[in-house]
Amino acid sequence: MIPTVPTSPATGRKRPTIRDVAREAGVSYATVSRVLNGREWVSPEAVRAVREAIARTGYTANPHARSLATGRSGSIAFLLTEPQHLLFEDPNFSVLLRGVAQAVSDRQMTLLLMIASTPEERTRTVAYLSGGHVDGVLLVSPHSGDPLLNNLVRAEVPIVACGRVLGYEQVISSVAADDRSGARSAVEHLVAAGCRRIATITGPQDTSGGVDRLQGYTDALTAHGLTVEPTRIQHGDWSRESGAAAMRTLLQQTPDLDAVFAASDMMAAATLPVLREAGRDVPGDVRVVGFDDSGLAATLDPPLTTVRQPLDRISEEMTRLLTDVIAGRTPISVTVPTSLVVRASSSAPA
């Protein structure tokens, strides 16, 4: 039996193969394969030659054939464990998704967006991910105690999380901003400005970001000999609504506060109208600092001082690390530095 030559459905002409690309680029078949699969140990010159050869020959990978040959789907999932509306309301998630989409595209893989905020969604998600439909998962906003985490670990699905996964640090790789150091720098900035009655609105205490940013707040106060007053600590869930509610409570419990560090820009943004309604000027009476600098901060009135976490780098590192985990490498955690961006909300009034 004579084997048939694959042809293009649109033209009937012979479909270029990986060997055609190798011949055109002047490199080996194995080099082309490594480039197509996003593997390391390929020189920039070889990568460029292969990509140019792909463009000249019109080669396109056959995803079904690749899946059969490698046992992989060529797809990864961006899994958000928060309600769907936050994907559009919280700028952090959209910025992170955009960065991941670019990083995945650069590796010639397919990205699936999945949201699992309800028990029913979690059940469907575990069933789908356990079925081998994706090679790995980029887990966003994980909460400790969530059964989803244990089910994914038991299913042996390769995972990289955005932020440490409390209780799973040894088995789930993660990429996170240096939340503790960033929060400490924010509060030290307020202390340096002369503030002594500094309140905080924390993130959820079942997330590493929530825990570490609160710890950074207490570190800074303790280092400067200031008392950590429980009445000046209110908990939020990253949302505007929780930030506004926490600010109202803080004004009732500690009306003499002179600064607020909110653990997200969304919550910090919500403090501004509440303070305005209470007759408090920002920054004249109360200085405000947030955390994220995802784009919202600069649009506020007054523009918000905040801690910048480099979401573009985090998304790239998450994708890179996931390809390592898929290849069988040991889970690790990566921490990226933050920086303080000073704007009018904490500056001395003119």
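Computed from a predicted model, the values in this text were never measured in an experiment.

Draft legend 1. Local environment of the overall build of the protein. The secondary structure content of the protein amounts to 13 helices and 12 strands. Across the 350 residues of the protein, 49% fall into the buried class. Here the contacts in the protein between residues at least 6 apart in sequence split such that 70% fall between residues at least 24 apart. For the protein, the accessible area works out to roughly 16,600 Å², and carbon and sulfur atoms hold 52% of it.

Draft legend 2. Seen up close, the sheet that holds strand β9 (residues 287-292). Within the open sheet, the 6 strands sit side by side as β7-β6-β8-β9-β10-β12. Their pairing is mixed. Because the sheet does not close on itself, it has two edges, and the strands there are β7 (233-235) and β12 (339-341). Going from strand to strand, the sheet's axes swing by 20° on average, the running direction of each strand aside. Of the pairings in the sheet, the one linking strand β6 (residues 198-202) to β7 comprises 3 bridges and is parallel in character.

Draft legend 3. Representation of the sheet that holds strand β3 (residues 136-140) in the model. Pairing in this open sheet of 6 strands is parallel, and the strands run β2-β1-β3-β4-β5-β11 from one edge to the other. Of all the strands in the sheet, the pair left with one neighbour each is β2 (110-115) and β11 (333-336). On average, adjacent strands in this sheet sit at an angle of 20° to one another, irrespective of strand direction. The pairing of strand β1 (residues 75-80) with β3 spans 5 bridges and is classified as parallel. The residue bridging L79 from the neighbouring strand is L139, located in β3. Those strands touched by helix α13 (residues 311-326) are β1, β3, β4 (159-162), β5 (173-177) and β11, and its axis lies near 160° from that of β4.

Draft legend 4. Examining the nonpolar core more closely. I201, M247, L257, V260, L275 and V288 are the most contacted members of the largest nonpolar core, which totals 27 residues. A total of 8 residues in this core trace back to one element, the largest contributor, which is helix α12 (residues 265-277). Those residues in contact with L275 that lie beyond four places of it in its chain are M247, L251, R280, V282, V286 and V288. The next biggest cluster of nonpolar side chains, apart from the first, holds 26 residues, and it includes F78, F93, I326 and V334.

Draft legend 5. Spotlight on helix α7 (residues 119-130). Its 12 residues place the ends of α7 16 Å apart at the C-alpha level, agreeing with the 16 Å of an ideal helix rising 1.5 Å per residue. Regarding α7, the residues found buried are R122, T125, V126 and L129. One side of α7 holds all its buried residues, which, seen down the axis, span an arc of 95°. Of the exposed residues in α7, those oriented more than 90 degrees away from the buried face are T123, R124 and A127. Taken together, the buried residues of α7 touch β1, β2, β3 and α8 (147-154).

Draft legend 6. Up close: the pairing of β9. Where burial is concerned, most of β9 is hidden: 6 out of the 6 residues are buried. Across the two faces of β9 the burial is the same, with R287, V289 and F291 and V288, G290 and D292 all buried. When strand β8 (residues 259-262) meets β9, the two strands line up parallel, connected through 3 bridges. Considered in β9, the bridge of F261 is made with V289. Chirality of the crossover, the property in question, places the unit of β8, α12 and β9 among those that are right-handed. Bridge count for β9 against strand β10 (residues 305-308) is 4 bridges, and the pairing is parallel. In the strand pairing of β10, F291 is matched with V307.

Draft legend 7. Looking closely at the packing of helix α1 (residues 18-25) against helix α2 (residues 29-36). Look at α1 against α2: their axes get within 8 Å of each other, and the N-to-C directions meet at 110°. One way to sum up the angle between α1 and α2 is to call them roughly perpendicular. Along its contact with α1, which presents I18, R19, V21 and A22, the element α2 presents Y29, V32, S33 and L36. By residue class, the composition of the contact of α1 with α2 is 6 nonpolar, 1 polar and 1 charged.

Draft legend 8. Representation of unusual backbone geometry in the model. Residues V282 and P283 are joined by a peptide bond in cis, for which omega reads 10°. Within the secondary structure layout, P283 lies in the loop between α12 and β9. Residue P302 follows D301 across a cis peptide bond; omega there is 0°. Here W238, not a glycine, exhibits a phi torsion of approximately 85°, which is positive. Position of W238 among the secondary structure elements: in the loop between β7 and α11 (240-253). The residue D293 is not glycine, and still its phi comes out positive at about 55°. Residue position: D293 is located in the loop between β9 and β10. Residue classification places D293 among the buried positions, given a relative accessible area of 13%.

Reading the values: rules and limits
Sequence order as written defines the numbering, with residues in each chain counted from 1. Thresholds applied to this predicted model are a pLDDT of at least 70 for local features of residues and 80 or more for the giving and counting of side-chain atom pairs; totals over whole chains, interfaces and linings are not thresholded and use all residues. With hydrogens and water stripped out, all remaining heavy atoms of the structure feed into the side-chain values. The secondary structure listing takes helices from DSSP runs of H or I that are at least 4 residues long and strands from runs of E that are at least 2 residues long, numbered from the N terminus. Each residue is placed in one exposure class: buried if its accessible area under a 1.4 Å probe, protein chains only, is under 20% of its type's maximum, exposed if it is over 50%, and partly exposed if it falls in between. Contacts are assigned to residue pairs that have any heavy atoms within 4.5 Å of one another. Using a 1.4 Å probe, the Shrake-Rupley method yields the accessible areas, and only the shown protein chains count as cover for residues. Two strands qualify as a pair provided DSSP detects at least 2 bridges between them. Every angle, taken between N-to-C directions, lies between 0 and 180 degrees, and every axis is a line fitted to C-alpha atoms, over only the stretch in contact when it is a helix. To define a nonpolar core, start from buried Ala, Val, Leu, Ile, Met, Phe, Trp, Tyr and Cys residues and group those joined through side-chain atoms within 4.5 Å. Helix span is expected to be 1.5 Å times the residue number reduced by one. The arc under discussion is defined with respect to the helix axis, by the directions toward the C-beta atoms. Crossovers are marked right-handed if the path from the first strand over the helix to the second runs clockwise, as seen with the strands pointing away from the viewer. In this scheme, roughly parallel covers angles under 35 degrees and roughly antiparallel covers those over 145, while 65 to 115 is roughly perpendicular and the rest are oblique. Under the grouping applied here, Gly and all other residues not named as nonpolar or charged are polar, the nonpolar ones being Ala, Val, Leu, Ile, Met, Phe, Trp, Tyr, Cys and Pro and the charged ones Asp, Glu, Lys and Arg.

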